[in-house]
Amino acid sequence: MAVLFFHDHSYSLKYIVLLRYFDWVMDTFKTIVPQDKDVTKHIAYYYFHESKDAHFSKDIVYHPHYLVALNVYSQVKIQWNENGKTYLPIQSDAKEVILTINNKTSKEVRLRGVFNKIGVVFHPLGINHFIDQPLHKLVQNKSASHFDYFGNDFLSTSSLVFNAPSLADKRNLLDSFFKNHFKEFEDERVQKAIDLIFNSSKMPKIQELADHLLISRKTLLRLFKKHLCFSVEEFKSVVKFRKALLFYEEAITKPELSHVAYDNEYYDQSDFINHFKSITGLNPSKFFSSIRNISNNGTYWTFKTD
């Protein structure tokens, strides 16, 4: 596997192309952040994942995140099961739009043959700034749902994005689409709760969050389900998992796992191990040895081997 770093001076953008070789076949994964200052408040980054080889085959595992991804698939049909999904190539340019909210456990993806995929990755509550109704009303399945809210307008834009010649052109098309679909999200209570979860020196309890916001516990629980499709505890659990992951991965000198547990508010080593196993199926040692950072935006996958 080779990871190549590129710097496009003409557009002042940086991105990573991931080249993964498997019997001389290859796929590419590119990311870029929005340029529009209003869009970037709500969208973390875009990504573009593609294989042009009919013989390509690889299995990966992606892990829970508090970010929500809106994906557009072309030249592929998605087959779902309880553990994840499989890409099945089709001789068609028909597109499938899926919203993924991965709030509990790691999922498998079986990549097969030719495919093309656009990913729009939203900050927490980010997608709520582009829809005019509560998110839970648009999501049929909690982890992954067909998402037709943006209709033919988004499908047309996606076609232009797939055919755009450069990464910057793709970014600009998506920036323009979402800027034109911006809507005010008026309930600030959920955002304040999220900020407290991320920024407090100690992970706040549900009642502490409710008290700080001057609302009842029941109202807080309802707001998270309504606008995030997470329970409060699910959101806190994923934030804790991601903080521990980044603490380890971004350290210049890899810390002892006992330090990771201590600095990320785990009660003890057993609590740390149990939390990671409940999410990934692996203990922390095996998990950290298995993951690979495939982008400059903190996308971590596990590549499965036979």
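Residues numbered from 1 in each chain as written. Predicted model: local features only at pLDDT ≥ 70, side-chain atom pairs only at ≥ 80, totals over all residues. Heavy atoms only, no water.

## Observations concerning empty space enclosed by the protein
Then, in step 1: According to the stated counting rule, one finds two cavities of 30 Å³ or more in the structure shown.
Then, in step 2: Around the largest cavity, the lining is made up of 25 residues, and of these Tyr47, Tyr62, Ala69, Thr299 and Trp301 lie nearest the centre.
Then, in step 3: The class makeup of the residues in the lining of the largest cavity is 14 nonpolar, eight polar and three charged.
Then, in step 4: Volume-wise, the second largest cavity comes out at about 40 Å³.
Then, in step 5: Along the walls of the second largest cavity sit Tyr66, Val68, His123, Pro124, Leu125, Ile127, Asn128, Leu135, His227, Leu228 and Phe230, which together make up its complete lining.
Then, in step 6: For the lining of the second largest cavity, a count of residues per class yields eight nonpolar, three polar and no charged. (1 Å grid on protein atoms, 1.4 Å probe; cavity = no way out; pocket = protein on both sides within 12 Å on 5 of 7 lines; lining within 4 Å. Points joined across faces, edges and corners; volume = space filled by probe spheres on them. Nonpolar A, V, L, I, M, F, W, Y, C, P; charged D, E, K, R; others polar.)

## A look at helix 3 (residues 188-199)
Then, in step 1: The terminal C-alpha atoms of helix 3 lie 16 Å apart, and with twelve residues this matches the ideal 16 Å at 1.5 Å per residue to within 8%.
Then, in step 2: When we look at burial in helix 3, the residues that qualify are Val190, Ala193, Ile194, Leu196 and Ile197. Taken around the axis of helix 3, the buried residues stretch over an arc of 160°, which confines them to a single face. Opposite its buried face, helix 3 presents the exposed residues Glu188 and Asn199, each directed more than 90 degrees away.
Then, in step 3: Tucked inside the fold, the buried residues of helix 3 contact helix 4 (206-213), helix 5 (217-227) and helix 6 (232-249). (Helix = DSSP H or I, 4+ residues; strand = E, 2+ residues; numbered from the N terminus. Expected span 1.5 Å × (residues − 1). Buried < 20%, exposed > 50% of the residue type's maximum accessible area, 1.4 Å probe, protein only. Arc of directions from axis to C-beta. Contact = heavy atoms within 4.5 Å.)

## Quick word on the pattern of salt bridges
Then, in step 1: Considering all chains together, one arrives at ten salt bridges under this definition.
Then, in step 2: In this structure, Lys104 engages Glu234 in a salt bridge whose closest nitrogen and oxygen atoms are separated by 3.5 Å. Here Lys104, found in the loop between strand 9 (95-100) and strand 10 (107-112), pairs with Glu234, found in helix 6; they are 130 residues apart in sequence, far enough to count as distant.
Then, in step 3: In this structure Lys104 comes out as partly exposed when scored by relative accessible area, which is 47%.
Then, in step 4: A salt bridge links Glu108 to Arg110; the shortest N-O distance between them is 3.1 Å.
Then, in step 5: On the basis of relative accessible area, Glu108 is assigned to the partly exposed category, the value being 27%.
Then, in step 6: Classification of Arg110 as buried rests on a relative accessible area of 14%.
Then, in step 7: By sharing partners, the salt bridges in this structure join Asp36, Lys37, Asp38, Lys41 and Lys179 into a single network. (Salt bridge = Lys/Arg side-chain N within 4 Å of Asp/Glu carboxyl O.)

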